[in-house]
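Read off the chains here:
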Amino acid sequence: MLLHVVARGRIGRSPEAELVDRYLKRIAWPTKVTELPDSGGRIPDAPPQTRRVLLDERGEVMGSLAFAQLVGRWRDDGVREARFMLGAADGFDDAARAEADLLLSFGRATWPHLLARAMLAEQLFRATAILANHPYHREG
């Protein structure tokens, strides 16, 4: 299953970009990052069997284990792509939220876009590590 991050805004060369790259390179699954301008730009067409996850302040707060189990269930059900969307500063409109398979939040705090992207990359690595029974994740 492809883990596809679609993000508004360019990360450029920054410490956050290095952190995102570090975690994405550790993932054994196929990954892809698509950057779009803050407004406009075309979101790539989604293949059949794609799950859309919007990072949204109103979304569900999930623990790492629950997130990994969800990603694993999608993989086992034959989902071809899990697409993780990071919006611009104002987030997503109601129509985009309604179309999503999951609204995901990293807590009640407001996070800068670049840190949210790094946190997503780490959680994707952690989820795949949990599913592979890798000792990276420690719980309890």
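I will try to describe carefully the structure that is included in this document. (Residues numbered from 1 in each chain as written. Predicted model: local features only at pLDDT ≥ 70, side-chain atom pairs only at ≥ 80, totals over all residues. Heavy atoms only, no water.)

**Considering the sheet that holds strand β1 (residues 2–8)**
Working step 1: Taken in spatial order, the 5 strands line up as β2-β1-β4-β3-β5 in an open sheet, and their pairing is parallel. The open sheet has two free edges, formed respectively by β2 (31–36) and β5 (102–105), since each of these has just one partner strand. Pairs of neighbouring strands in the sheet enclose a mean axial angle of 30°, with direction left out of account. (Pairing = 2+ DSSP bridges. Helix = DSSP H or I, 4+ residues; strand = E, 2+ residues; numbered from the N terminus. Axes fitted to C-alpha atoms, helices over the stretch in contact; angles between N-to-C directions.)

**Section: unusual backbone geometry**
Working step 1: In this model, Q49 sits at a positive phi of 65°, which is unusual for a non-glycine residue.
Working step 2: Note on placement: Q49 falls in the loop between β2 and β3 (50–61).
Working step 3: On the basis of relative accessibility, which here comes to 39%, the residue Q49 falls in the partly exposed class.
Working step 4: Even without being glycine, N133 reaches a positive phi, approximately 60°.
Working step 5: In this structure, N133 sits in the segment after α4 (113–131). (Buried < 20%, exposed > 50% of the residue type's maximum accessible area, 1.4 Å probe, protein only.)

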